[in-house]
Amino acid sequence: MVVSVARDVEATGAALEGWLSDRVGAPVQVGDISVPGLSGFSNETLIFDARWDVDGRSVTRGLVIRVEPSSHQVLPSSQLDAQVRVLRAVAAAGSVPVPEVLWFEEDPSLLGDRFVVMARVDGDVPADNPSYHAEGWLSERDETAQAAVWNSGLDAMAAIHRLDHASTDLSWITPREPAHQLELDREYRAFVIGDRSLPVADRALEVLSATVPPAVAVPAVCWGDSRIGNMIFAVDGSVAAVLDWEMVTAGDPVQDLAWYLLIDRHHHEAFGVPRLSGLPDRVTSIERWERAAGRSADHLGWYELLGALRYALVVSRVIELLDETGVLPGGAAMALDHPGTQLLGRLLEERT
């Protein structure tokens with residue numbers, strides 16, 4: 001995750017034309033480059049069409065470039081090479097739709113950082129800001145269509161959890177036991193806010209430390225940033241691609257279900273709007289995931305609290321970066337009191 005900095009898209013397009021020409025073996029024309037807004041706070045993304053001739057025939061291909069952040073990072077490390085490796089392995093497995101990786105450039109001189117070029121996938125993505133519960137294409141669809149999107153997302157996530165972690169090209173991902181993940185989030189608290197006081201985070205750490213669940217017997221591949229806002233949906237509501245693998249890990253896959261439910265809850269409570277009426281409820285969603293993944297949702301509550309802690313810290317980090325970059329002047333004043341920390345407080349109250 002990163003807060004993007006300003007980029008000269010014309011200069012970028014000219015540089016990409018030469019780079020792509022070398023890759024395809026023909027002169028390439030790069031069309032207008034669009035840079036998505038801050039929704040999702042993901043790696044810097046460049047979207048454009050590229051055109052070149054093959055045997056006298058014009059070819060146009062939609063491309064997406066993700067640029068690795070080297071500054072203004074929300075997470076301590078982006079590990080773009082690991083993300084590329086995951087995308088290629090998941091694509092090879094064939095059961096989870098992901099964008100096709102075309103090239104990975106490790107030389108940072110062209111765009112300022114390493115980058116990956118992927119084939120663009122057509123479809124719609126539910127927005128984070130404004131929330132898909134408040135407006136946008138998902139809110140405009142009927143309840144049946146809304147349910148199809150939600151359930152397709154659950155099923156795609158469950159397909160990730162059915163991947164054979166031990167015998168696929170994903171076996172290099174070291175499983176994390178709950179206590180290890182908790183320690184990493186404790187370190188993330190220090191990364192984000194240092195020695196400043198944030199009682200709600202410290203209370204969450206106390207509760208989590210006292211109730212650490214056992215490690216799962218058979219670790220699964222865990223997507224990490226599991227939410228419908230990181231999926232591209234086709235017109236029929238099916239998942240066309242699963243995006244954003246920068247938080248990928250291995251362990252108990254119920255952590256992905258926890259994040260899926262948590263972010264959806266945040267996106268209607270934080271905006272003060274009702275949850276979309278067509279989205280299946282919590283119990284129904286949990287039961288569907290358990291059937292599809294062949295896993296138990298035991299310890300879901302612990303992982304939801306852990307996820308709420310992490311999400312609160314992520315939002316704090318984003319707000320401060322937005323202040324630093326001039327996007328949200330004065331935002332740092334609310335960096336420790338925002339809808340993310342407030343949601344964490346509600347979860348703590350519900351557990352006690």
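In case you missed it, the structure is sitting above this.
A brief look at the structure comes next. Since the structure is predicted, the reported quantities are computational estimates derived from the model, not experimental observations.

1. Re the nonpolar core
Formed by 86 residues in total, the largest nonpolar core has its most connected members in Val242, Trp245, Leu257 and Trp289. Considering each element in turn, this core owes the most residues, 16 residues, to helix 9 (residues 300-324). Ignoring any residue separated from it by four or fewer positions in sequence, one finds leucine 257 in contact with Leu154, Met157, Ile286, Trp289, Ala297 and Leu300. In terms of nonpolar packing, the next biggest core, distinct from the first, is built from 20 residues, Ile33, Phe48, Leu63 and Leu102 among them.

2. Some words on the sheet that holds strand 1 (residues 29-30)
In spatial order, the strands read 1-2-3-5-4; together these 5 strands make up an open sheet with antiparallel pairing. Each edge of the open sheet is held by one strand with a lone partner, namely strand 1 and strand 4 (101-105). Relative to strand 2 (residues 44-54), strand 1 is paired through 2 bridges, and the arrangement is antiparallel. Residue pairing in the sheet places valine 30 in a bridge with alanine 50 of strand 2. On the sheet, helix 1 (residues 9-24) packs against strand 1, strand 2, strand 3 (57-67), strand 4 and strand 5 (115-119) and is oriented at approximately 110° with respect to strand 4. Strand contacts of helix 2 (residues 80-93): strand 3, strand 4 and strand 5, with the helix running at about 160° to strand 4, the strand carrying the most contacts.

3. A short note on helix 10 (residues 339-351)
Its 13 residues place the ends of helix 10 18 Å apart at the C-alpha level, agreeing with the 18 Å of an ideal helix rising 1.5 Å per residue. Within helix 10, the full set of buried residues consists of Gly340, Thr341, Leu343, Leu344, Gly345, Leu347 and Leu348. Of the surrounding secondary structure, the elements contacted by the buried residues of helix 10 are helix 6 (199-210), helix 7 (254-269) and helix 9.

4. Comments concerning the pattern of salt bridges
Inspection of every chain in the model, using the stated rule, returns 22 salt bridges. The partner of aspartate 124 in a salt bridge is arginine 141, and the shortest N-O contact between them spans 3.6 Å. With aspartate 124 in the loop between strand 5 and helix 3 (137-140) and arginine 141 in the loop between helix 3 and helix 4 (143-161), this residue pair connects regions lying 17 residues apart in the sequence. Aspartate 202 is the salt-bridge partner of arginine 189, the closest N and O atoms lying 2.8 Å from each other. A residue pair is termed long-range when its members are at least 10 positions apart, and arginine 189 in helix 5 (residues 178-193) and aspartate 202 in helix 6 qualify at 13 residues. Classification of aspartate 202 as partly exposed rests on a relative accessible area of 28%. Among the charged side chains, a network of salt bridges with common partners joins Glu68, Asp81, Glu106 and Arg114.

5. Observations regarding unusual backbone geometry
In this structure, proline 130 follows asparagine 129 across a cis peptide bond, with omega equal to 5°. Here proline 130 is to be found in the loop between strand 5 and helix 3. Even without glycine at this site, histidine 299 takes up a positive phi of about 70°. Relative to the elements of secondary structure, histidine 299 occurs in the loop between helix 8 (282-293) and helix 9. You can call histidine 299 partly exposed: its relative accessible area is 35%.

6. A few points about the packing of aromatic side chains
All chains considered together, the criterion is met by 8 aromatic pairs. The interplanar angle of 55° and the centroid separation of 4.6 Å between the aromatic rings of tryptophan 150 and tyrosine 260 together place this pair among those described as tilted. One end of the pair, tryptophan 150, is in helix 4; the other, tyrosine 260, is in helix 7, with 110 residues separating them in the sequence. We classify tryptophan 150 as buried; its relative accessible area is 1%. Owing to a relative accessible area of 1%, tyrosine 260 belongs among the buried residues under this scheme. A ring pair is formed by tryptophan 223 and tryptophan 245, whose centres lie 6.1 Å apart and whose planes are at 40°; its orientation type is tilted. Of the two residues, tryptophan 223 is situated in the loop between strand 6 (220-222) and strand 7 (231-233) and tryptophan 245 in the loop between strand 8 (239-242) and strand 9 (249-251); the sequence distance between them amounts to 22 residues. Taken together, Trp19, Trp103 and Phe115 form an aromatic cluster joined through their ring pairs. Sitting over the face of the ring of tryptophan 150, arginine 275 holds its NZ or CZ atom 4.9 Å from the ring centroid.

About the cut-offs
- Residues numbered from 1 in each chain as written.
- Predicted model: local features only at pLDDT ≥ 70, side-chain atom pairs only at ≥ 80, totals over all residues.
- Heavy atoms only, no water.
- Core = buried A, V, L, I, M, F, W, Y, C linked by side-chain atoms within 4.5 Å.
- Buried < 20%, exposed > 50% of the residue type's maximum accessible area, 1.4 Å probe, protein only.
- Helix = DSSP H or I, 4+ residues; strand = E, 2+ residues; numbered from the N terminus.
- Contact = heavy atoms within 4.5 Å.
- Pairing = 2+ DSSP bridges.
- Axes fitted to C-alpha atoms, helices over the stretch in contact; angles between N-to-C directions.
- Expected span 1.5 Å × (residues − 1).
- Salt bridge = Lys/Arg side-chain N within 4 Å of Asp/Glu carboxyl O.
- Phe/Tyr/Trp six-rings, centres within 6.5 Å; stacked < 30°, edge-to-face > 60°.
- Lys NZ or Arg CZ within 6 Å of the ring centre and 35° of its normal.

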